[in-house]
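Geometric and topological summary
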Amino acid sequence: MRLVVVFCISLNFYWGFAQKDSDTITLSFEGASLKEIITDIQEISAYKFFYVDEWLDSNTISRSYNGVSLVYVLNDIFEDTSINYHIMQGQKVILTQGSVIYDELPEGFFRLPQGESLDSLFISDTKTIEVLPILRIKEEEFTQNKIEVVRIGKENSNSTNRLATLTGYAINTNTKNPISDLALVIGATDKGTTTNSQGFYSIEIPMGVHTIEVSALGIHGVQKKVIVYGDGQLNFELDESFEVLDEVVVEANRDRNIEQTIGGILKIEVKEIKNIPMVLGERDILKVATTLPGITTAGEGASGFNVRGGNTDQNLILLDHAVLYNPSHFFGLFSAINPFTSNSADIYKGNIPAEYGGRLSSVFDIRTKDGNDQNFSGEASIGPITSNLTLETPIIKGKSSFLIGGRATYSKWILKSLKEESLKNSEASFFDIIGKYKHKINENNGLKLMGYYSKDAFNITTDSLYSYSNRAFSMEWEHKFNERSRGALILTNSQYKFDIEFNGNSVNDFNLGYSIDETEFKLKMKYLPENTHSFDYGFSGKLYRVEPGQIEPLAGESVVEPIVLPKEKGLETALFISDDFEITKKLSVNAGFRYSLYAALGKSLQRIYENGMPRNENTLVETQEFEENEVIKTYGGPEARVSARYFLTPDLSVKASYNNTYQYVHTLSNNTTVSPTDTWKLSDLNIKPQRANQFALGLHKNINENEYELSLEGYYKRSNNILDYKTGADLLLNEIVETNVLQGQGKSYGAEFLVRKNHGKLNGWLGYTYARSLIQFDGTAEEEQINNGNFFPSNFDKPHDISLVTNYKFNKRFSLSANFVYQTGRPVTYPLGNYVYEGIEYTFYSDRNGFRIPDYYRLDFSFNIEGNHKIKKFAHSFWNISIYNVLGRNNPYSVFFVTEAGQIKAYKSSIFSIPIPTITYNFKF
Amino acid sequence: MAFQESKRRCRTIVLILAACAMNSCVESFEPKTEIFEDALIIEATITNEVKQQEILLNRAFRFEEFVPVPEENASVIIIDNLQNQYSFQEITPGKYLSVLDFGAEKGRSYQLLVTTSSGVEYASEPTFTPQTSEIHALKASRIDNEEEGMSIFVEYNASQTSTYYRYKYEETYQIIPPDWNSQMLAYEGPIIVVKARERDEQICYKTDVSKNIILNIPQESNENNIPRFPVRFVQRSNYIISHRYSILVKQLAISEESYNYLEKLSESNQDENVFSQTQPGFFRGNVYSKSNSDERVLGFFHVVSESSERLFFNYQDFFPDEPLPPYVDYCNPFVARLETPQGVPNIHELIAADAIRYHSTGPNFGEFFVVPRICGDCTVLGAITVPDFWEE
């Protein structure tokens, strides 16, 4: 650096001296480097050389000169290098890399209009530009742009040739295979070419400074500045495209959207979501998901997601392969996924890869980030509701690391300190903690261990305490057999449980509990036989153990009768194979096949009812007893996961997919939204697995080098054996739950439109979805019908859904973002009137979901202030100020009616009816 | 409960941010009635007792209204499976009685047919008479758990298990006011004097009818326990058991459909957990419109077999020498003055309003001590006539 600066100054100083010399040199050397030669010349002559050491390569040459001029020597030794020289008065020799230093300006230089090509006129080392103001015309961007600058060839000052031939090849960094059809475009000219099938190219371009852009499908395109002095070679080693661009908030990889064979995938990078305004200052990966088409929630503060018209129990939510049954805190106001420890989430809503199964609608594949294996580092955030701390540390530097992250509320403390009596005694708290250990054993083996625990506790009345917890553990051992074959062995265990304690010092005090536990073993292999194929295959086995509920009296005087429902057990196994096959350049197919088999296992008592009759006590035929681990009933079948992509034009692709799925566990819920008291029930003799078939068709387009992404997807989904309950059913602690539930059909369809701007100061996306979700329960008996057996809208049927997420970056430190959400109000069952029956007033209701609550809309703002980016600073800080619901819209969350003292009273509840400002402080160290 | 929060308090809470999530803003509001849907309500329970059977026809009403509108001038007929017709006539608006006495007979099914004055026809599903099932035993016993009181329960025999029962009761009790006095205050000219009572107001009787829907399916019990079901529980602190108490328990054997309907009906009126409510829905009874299958018709046509049993007990039988339950009102004697400060009624005003009863006369100044009328006059609460069935 220093040397360069000195050089620059001196260059400035001596500018304009003539290049003349006639001294002779006698010198011989063998196997000497250029540097040694120059040193020798300096010793035997009066010449002084100015240069940067790095320019002189270490190649050695052997020569012998006798009484030749310096010019001759220099021409000779620099023959095969890109070094040019300039001999100034005072016997000073300045070496340059490629550049020829002109000692006079070409004729008419100052008359040239700005912007006319000066390409070959002067090329300086880029570092010298600051001191050469008259020659900066085209060069300004050099100093600002981090684009790599490459020098090509050596200029010959005698040459009149203004064109140079650039040749080279392009290979894939990972596979080392040549990249064919790579487009090279020379910026500011119309020139361009493509690589041939061996990856080679050749192009004639004007000498001078150019920007060369290369791009190809599936390849992460790059830009290079080249300074062309003469003929030369420029090779490209390019990555496959999966790098996330800087300004993008939610990013499908560049071109991934149009390239990937599978449609209906959303990728969320956690580090990019901080610009989205969030309620109560919490970054939330799952909340971001709901701003994308096809994913909705039943209402504000409702936990659970409805993906393409599917029920909330139809989503497989995986945290490092382990299932999370209830990934929410505080009734869904916050997700239980720690944003600071998460890396990314892939959401499959269209075609689910064959390796996943067991849920009908979607897979949320959330991955925890790897700990920092170089330095100890951390991140913390302080918000109004929660605080968050993440620490990362290497265990063996460069090999293994440990990451631990925790989050907790201090609402408990806030509530306690309030004067309001009823709040003082209430409790609402949660925490979650996650740890991950990553160990790179050697080149071919890697181990990852993850443990997670979350817990919520709250009370609605002072004498009851609800609590629920998720526990997850996963272990993944990755092994690379060879370049073409890899495998992973995965072991996971998850548990979800809830508990209700009622302690009112009365005879009714009780403690009620539920838990589900699952353990999965999975072997996943990947085989890449050749470029056009990519096989994934393996098998998995999952054991479910459910304790469907028990209630026990709390104190000695309690008259509550203890009930313990018998345990349930089930084994779900699956084989899967898929091949991502590129048939032609334009057409690729991902064909997946999964065979899943579920066995309900004893020990159990199963009730058998009369065939084709509504299940109730009267139709009970017999009760059959099954021994421990005896197979009660098996279900299963083939599942096809097929999708195809075809490029209509290089930036427009069409994708189609067909998908069928089985689901063997079901939630039993009387509630519109997910509630912590929802129980999961395994399929058994009476409850059949749910099934779904989905067809999807989509168009994906990139505009202007991926600056804009457009997609339009349509889907049609039919599901069978979806569960609902009879009106007024009692599902908790019910041993004969099959008499209270119905299995029916679902039908959903929709069109999802998304436009995304990925670059620039203003970026974000706009999504619009038109979707319907209809269900039908048409049993033979009246008690098995809902709404006369007709199709009716499900609880989450919201035809119109608009999400706008925008982010404007003023500069590196300040950015403003805004969210706007509009949704059709969700269906409700409305009271139509009152009546008196046997002296008591009742309310009668419409058909199930016959009406809708008012439409939902909300606007949020958020302002981010980044701390400055000094490298040496201890911590990098970041402030977020956000206002949730700026318009103060009182969006009803639910409308309900209760009878109080013989009178019907209507209530509507809303979670946030006024704008809510929050400030969060984050820092990284 | 959270739903009692007022709007103002909601806002305060929101400002505290943290608490907001817990105590979401729940407000009561007046629902819009544009969605009101008119509907016919059929209230009919035909019993096996031979009598004039009763059917009530009313219409649903808007939330802001409080009184049902009777369905007048309808034609009401019941047909049994032998094509016997029983016609009904309207006695008071909306109340229809059978012209002839009849009772539901074993083994027969009955169908209700209603044609409104506007010509719309309604019908019920044909409904069979359930098996008659006598009350095996009706008993009362003292409960000494945390909640003290008297439990009145039925006992079943083995053949009665797995039958659908509905219970109704009529409870009749003696009321003896604690400060009854054989003397009263009366005017002699302008002067108030104490003289012998003119009206007997010492012992009254009152009958209350069960309102809630009481349902039970007796389950087979193991061991030698006799299955039993508490039909009525009277807390010890309830004044109605202070003296002599009688209850008539009616055991209605009903169909499974009736049972399911009544169960849903009674559940539909229970308070829910407010944060995430159970979704209600329309549930159909066994009555429908013949012309429009989408029309909502409310109510149910029940055919039941009824049996009843009565029992009596005295407070002393179960709580001998224990204090009586507190009387229904506080009874503190006070002096009724001739002249009182502004706003406080004087003795003339109190007598004119029939608000007091004589208690005693002060020994020194001759002032009258009185009690509120309810403490010395049982007719405030009941009737003096002894019911026909009453046994001492």
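Criteria and cut-off values
Residues numbered from 1 in each chain as written. Chains lettered and ligands numbered in written order. Predicted model: local features only at pLDDT ≥ 70, side-chain atom pairs only at ≥ 80, totals over all residues. Helix = DSSP H or I, 4+ residues; strand = E, 2+ residues; numbered from the N terminus. Buried ≥ 20, exposed ≤ 12 C-beta atoms within 10 Å, placed from the backbone. Contact = placed C-beta atoms within 7 Å. Pairing = 2+ DSSP bridges. Axes fitted to C-alpha atoms, helices over the stretch in contact; angles between N-to-C directions. Core = buried A, V, L, I, M, F, W, Y, C linked by C-beta atoms within 7 Å. pLDDT = per-residue confidence, 0-100.

On to the overall build of chain B. The helix and strand inventory of chain B stands at five helices and 24 strands. Taken across its 392 residues, chain B has 31% of its residues classed as buried. A separation of at least 24 residues holds for 67% of the contacts in chain B among residues at least 6 apart in sequence.

Now for unusual backbone geometry. Here Gly602 of chain A and Lys603 of chain A are connected by a cis peptide whose omega angle stands at 15 degrees. Tracing the backbone through its elements, the reader meets Lys603 of chain A in the loop between β35 (587-601) and β36 (604-609). One non-glycine residue, Asn787 of chain A, lies in positive phi territory at about 50 degrees. Structurally, Asn787 of chain A is set in the loop between β45 (762-776) and β46 (792-793). Under the C-beta neighbour-count criterion, Asn787 of chain A is labelled buried, with 20 such atoms within 10 Å. Phi angles above zero are rare outside glycine, and Asp321 of chain B is one such case at about 55 degrees. Tracing the sequence through the fold places Asp321 of chain B in the loop between α4 (315-318) and β22 (334-335).

Residues and elements named next belong to chain A. Reading across from one edge, β6-β12-β11-β8-β9 is the order of the five strands in this open sheet, with mixed pairing throughout. Whereas interior strands pair on both sides, the edge strands pair on one side only; in this sheet they are β6 (149-152) and β9 (192-194). In this sheet, adjacent strand axes meet at a mean angle of 25 degrees when their direction is disregarded. Here three bridges tie strand β8 (residues 183-186) to β9, and the two strands are oriented antiparallel to one another. Residue pairing across strands places Val185 opposite Gly192, the latter belonging to β9.

We now examine the nonpolar core. The biggest cluster of nonpolar side chains holds 63 residues, and the ones touching the most others in it are Phe844 of chain A together with Leu40, Ile41, Ile42, Leu57 and Leu298 of chain B. For this core, the leading source of residues is strand β21 (residues 297-314) of chain B, giving six residues. Here Leu57 of chain B is in contact with Leu40, Ile42, Pro70, Glu71, Ala74, Gly94, Tyr96 and Val114 of chain B, once residues within four sequence places are set aside.

A few words on the sheet that holds β22 of chain B. Where strands meet in a sheet, backbone hydrogen bonds hold them as pairs that are either parallel or antiparallel. Strand order across the open sheet formed by three strands is β22-β24-β23 (chain B), with antiparallel pairing between neighbours. In this open sheet, the two edge strands, each paired with only one partner strand, are β22 and β23 (356-361) of chain B.

All names here are of chain B. Across chain B, the average pLDDT comes to 84, with 87% of residues at or above 70. Between residues 272-277, whose pLDDT stays under 50, and residues either more than four places distant or in other chains, the model counts 18 contacts. We note a pTM of 0.67 for the whole complex and an ipTM of 0.82 for its interfaces.

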